[in-house]
Amino acid sequence: MQSHLTCFNPACRACFDINDVLYNCTVCGGLLEAKYDFSGADPVALKKTWRERRMDNSPLCQSGVWRYREMFPFLDDLRHVVTLREGNTPQLNAPRAAGYGGLARLTFKHQGFNPTGSFKDNGMTCGAAQAKRLGMKRVACVSTGNTSASMAAYASAGGLDPLIFIPHGNISYGKLAQALEYGAKTFQVEANFDQILALVRVLAERLGIYLLNSINPFRIEGQKSIVIEMMDQRDWRVPDWIVLPGGNLGNVSAFGKGLREMYETGLIDRMPRLGVVQAEGSSPFYEYMAAKGLQPFHAQEHPETLATAIKIGDPVSWPKAQFEIENSKGTVERVTEQEIADAKAVIGQCGIGCEPASAATLAGIRKLTAAGVIDRDADVVAVLTGNVLKDPDYIYRYHTGELTAPNGTPIKSTFGNKPIVVPNDAERIGQLIG
Ligand code: F0G
């Protein structure tokens, strides 16, 4: 078997055909992952091929995901690919944010530059391709925003019918607008993310709809390309740390798998450490890892954070995330609403900008350098997962001193930048400008 699905549970490791429509192991209920035979891989030749593809204008080579397709060879026919030229996201130096984070230097890899504004596009292009390969007609996801926008776009671009389930009243307006514009049938359900995911899994099974949440192993395959592209852009110099926000924990699982596979094939010569940051009110993984095996994993029933992208109390991929954090000698941190909001404003001051969950990275780095976990001189890449325009309301409120945490605590406008109301008077405005 060249590529197949295996159970992630080390005590099970059951194998399944790559074409089986499965999200969990049918033997033990564990998570699934795609496996390949990389034994003949030639790292030097691969690196050369990937560089050459940057000069090739064909859609597959222009995609910052499919350019690296040798690392996720699950498709038998590349005509199934649906691409909007995802990936190709920049790495940006941010000296001001570095200083704030207690580092000599800091690089952001900004996934908000993707076609629909988040890292979800890296995974969705693969999920949509597999849906087409399986002959699926309808695809579904539950989302607090970014997944829905991404899925709607890729499904529609690929001629599939997108069905979106979102928590009623708990989604960013801009993201809902994208889903509607891209033609998704959208259901606003009166329940939270975790409850709706359980519901959608039942519906998917019952109605033969293909599920495109990150439990889908092909989403994870696509998201591996974020770290592959990162290493390519860095000329294969491995950073000391890669820091990212954690919600459902699909992305850290993808990063860990991608890095391991690059290490095993000789593309990189060491593993970077992975740092996951959660919001304090929505931090079941932090709590589990902090207990160091003394407590079983406990889902949080009522997760709360203004960073809606990581407002997830029952993250499906926690066993994979645990493995990847431990395997990379990484860490998990949690940060307050105030810390997220201030870090976000600092990222904005760098001319970069991001949505709130992304800013948890810088807030987490600040804490981890202060605690001595990350060295001041470490080479750190923080992954900004979403575009600054995701939660414009949040930004306006922060800068005008009107932002409050979910528990009602006011958030201080530490780096506030209030718009100034002025009369139509050149003299007066001139004085204000100085
Ligand atoms: N950052 C952003 C911008 C996100 O949209 C998400 C997830 C995450 C981080 C968390 O990533 O789940 O892989 O740990 N957003 C989901 C959504 C919930 O519906 O768009 P994870």
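Residues numbered from 1 in each chain as written. Predicted model: local features only at pLDDT ≥ 70, side-chain atom pairs only at ≥ 80, totals over all residues. Heavy atoms only, no water.

Visitor: Can you explain the overall build of the protein? Please cite residues and give values.
Guide: Tallying secondary structure elements over the protein gives 15 helices and 13 strands in all. Computed over C-alpha atoms, the radius of gyration of the protein comes to 21 Å, within 12% of the 22 Å expected from 2.2 N^0.38 for 434 residues, which places it in the range of a compact globule. Once the C-alpha set of the protein is aligned to its principal axes, its extents read approximately 75 × 55 × 45 Å. Put simply, the protein has 434 residues, and 57% of those count as buried. Surface exposure of the protein reaches about 18,000 Å², of which carbon and sulfur atoms provide 50%. Charged side chains of the protein number 45 positive and 45 negative; the gap between the two group centres comes to 2 Å. (Helix = DSSP H or I, 4+ residues; strand = E, 2+ residues; numbered from the N terminus. Rg over C-alpha atoms; globule rule 2.2 N^0.38 Å. Buried < 20%, exposed > 50% of the residue type's maximum accessible area, 1.4 Å probe, protein only. Areas by Shrake-Rupley, 256 points an atom, 1.4 Å probe, with all protein chains shown as cover. Lys, Arg positive; Asp, Glu negative; His and termini not counted. Charge placed at Lys NZ, Arg CZ, Asp CG, Glu CD.)

Visitor: An account of the site of the ligand is requested, with residue identities and associated values reported.
Guide: Taken together, 22 residues lie near the ligand, and Thr144, Thr147, Gly247, Asn248 and Thr385 sit nearest. At 2.8 Å, a backbone N or O of Leu249 approaches an oxygen atom of the ligand. Computed on the free molecule, the ligand has an accessible area of 480 Å², of which 98% lies beneath the protein chains in the complex. At a threshold of 2 Å from the grid points, most atoms of the ligand map onto the largest cavity. (Near = heavy atom within 4 Å. Polar contact = N/O pair within 3.5 Å; in protein donor to acceptor, adjacent residues only side chain to side chain. 1 Å grid on protein atoms, 1.4 Å probe; cavity = no way out; pocket = protein on both sides within 12 Å on 5 of 7 lines; lining within 4 Å. Sits in = over half its atoms within 2 Å of the grid points.)

Visitor: Go over the sheet that holds strand S1 (residues 3-7), please, and point to the residues and values.
Guide: If you walk across this open sheet you meet the three strands as S2-S1-S3, and the pairing is antiparallel. What marks the edges here is a single partner per strand, and that holds for strand S2 (15-17) and strand S3 (32-36). When strand polarity is set aside, the average angle formed by the axes of neighbouring strands in this sheet is 40 degrees. Across five bridges, the pairing between S1 and S3 is antiparallel. Bridging from a neighbouring strand, Ser3 pairs with Tyr36 of S3. (Pairing = 2+ DSSP bridges. Axes fitted to C-alpha atoms, helices over the stretch in contact; angles between N-to-C directions.)

Visitor: If you had to explain the sheet that holds strand S7 (residues 161-167) to someone new, which residues and values would you point to?
Guide: The strand order across the open sheet built from four strands is S8-S7-S6-S9, with neighbouring strands paired in parallel fashion. Across the chains shown, the open sheet's two edge strands, defined by having one partner strand only, are strand S8 (185-189) and strand S9 (210-211). As defined by bridge partners, strand S6 (residues 138-142) adjoins S9 across two bridges and the pair is classed as parallel. Paired with Val139 across the strands is Tyr210, a residue of S9.

Visitor: Got a sec to walk through the pattern of salt bridges? Specific residues and values, please.
Guide: For the structure shown, the criterion picks out 22 salt bridges. For the salt bridge of Glu33 with Arg260, the shortest nitrogen-to-oxygen distance reads 4.0 Å. With Glu33 in strand S3 and Arg260 in helix H9 (residues 250-264), this residue pair connects regions lying 227 residues apart in the sequence. You'll find Glu33 and Arg260 in the same group, each marked buried. Glu70 is paired through a salt bridge with Arg53; the nearest N and O atoms lie 2.6 Å apart. Of this pair, Glu70 sits in the loop between helix H2 (59-62) and strand S4 (91-93) while Arg53 sits in helix H1 (residues 43-53), and the two are 17 residues apart along the sequence. In this structure Glu70 comes out as partly exposed when scored by relative accessible area, which is 28%. A residue is classified by how much of its surface remains accessible, and Arg53, at 10% relative accessible area, is buried. (Salt bridge = Lys/Arg side-chain N within 4 Å of Asp/Glu carboxyl O.)

Visitor: With reference to specific residues and values, describe a nonpolar patch on the surface.
Guide: A contiguous nonpolar surface patch, about 270 Å² in accessible area, is contributed by Ile420, Val422 and Leu432. As for its placement among the helices and strands, Val422 is situated in the loop between helix H14 (392-399) and helix H15 (426-433). Since its relative accessible area comes to 34%, Val422 is described here as partly exposed. (Patch = residues over 30% accessible without salt bridge, like charges linked within 9 Å, V, L, I, M, F, W, Y side chains within 5 Å.)

Visitor: Help me get a handle on helix H4 (residues 120-133), residues and values and all.
Guide: The end-to-end C-alpha separation of H4 is 20 Å, in line with the 20 Å expected for 14 residues at 1.5 Å each. Counting buried residues in H4 gives 13 out of 14 residues, a clear majority hidden from the surface. Two residues or fewer after H4 comes Gly135, characterised by a positive phi angle close to 75 degrees. (Expected span 1.5 Å × (residues − 1).)

Visitor: An account of the state of the cysteines is requested, with residue identities and associated values reported.
Guide: Taken as a whole and assessed by the stated rule, the structure comprises zero disulfides. Of the cysteine sulfurs around Cys7, a residue in no disulfide, the closest is that of Cys28, at 3.4 Å. With no disulfide of its own, Cys141 lies closest to Cys126 among cysteine sulfurs, the gap being 16 Å. (Disulfide = S-S within 2.5 Å.)

Visitor: Which residues make up the packing of aromatic side chains, and what values go with them?
Guide: The geometry of an aromatic ring pair comes down to the distance between the two centres and the angle between the two planes. Overall, the coordinates contain 13 aromatic pairs when judged by the stated rule. Here Phe8 and Phe323 contribute two aromatic rings whose centre-to-centre distance is 5.7 Å and whose plane-to-plane angle is 85 degrees, an arrangement assigned as edge-to-face. One end of the pair, Phe8, is in the loop between S1 and S2; the other, Phe323, is in helix H11 (residues 318-327), with 315 residues separating them in the sequence. A relative accessible area of 9% places Phe8 in the buried class. Assessed through its relative accessible area of 35%, Phe323 is described here as partly exposed. Residues Tyr36 and Phe38 carry aromatic rings whose centres are separated by 5.6 Å and whose planes lie at 55 degrees to one another, so their mutual orientation is tilted. Among the residues examined, Tyr36 registers a relative accessible area of 11% and is labelled buried. Through successive ring pairs, a cluster of aromatic residues spans Trp66, Phe72, Phe74 and Phe218. Taking NZ or CZ as reference, Arg366 lies 4.0 Å from the ring centre of Tyr100, over its face. (Phe/Tyr/Trp six-rings, centres within 6.5 Å; stacked < 30°, edge-to-face > 60°. Lys NZ or Arg CZ within 6 Å of the ring centre and 35° of its normal.)

Visitor: Describe the environment of Thr336, naming the residues involved and giving the relevant values.
Guide: With respect to the helices and strands, the residue Thr336 is situated in the loop between strand S12 (331-335) and helix H12 (337-349). Each C-alpha atom, one on Thr336 and one on Gln278, is 9.0 Å from the other, the two residues being 58 residues apart in sequence.

Visitor: Provide a residue-level description of the layout of surface pockets, including the pertinent values.
Guide: Of the volumes computed, that of the largest pocket is approximately 400 Å³. Every residue lining the largest pocket is counted, 18 residues in all, and those nearest its centre are Ile171, Thr308, Asp391, Asp393 and Tyr394. Every element with two or more residues in the lining of the largest pocket is listed here: helix H6 (173-181) and H14. Broken down by element, the residue count for the lining of the largest pocket peaks at four residues, all from H14. (Points joined across faces, edges and corners; volume = space filled by probe spheres on them.)

Visitor: Lay out H11 in plain terms, naming residues and giving numbers.
Guide: For H11, the complete set of buried residues consists of Lys320, Ala321, Gln322, Glu324 and Ile325. Of the residues trailing H11, Lys329 is marked for its positive phi of about 55 degrees.

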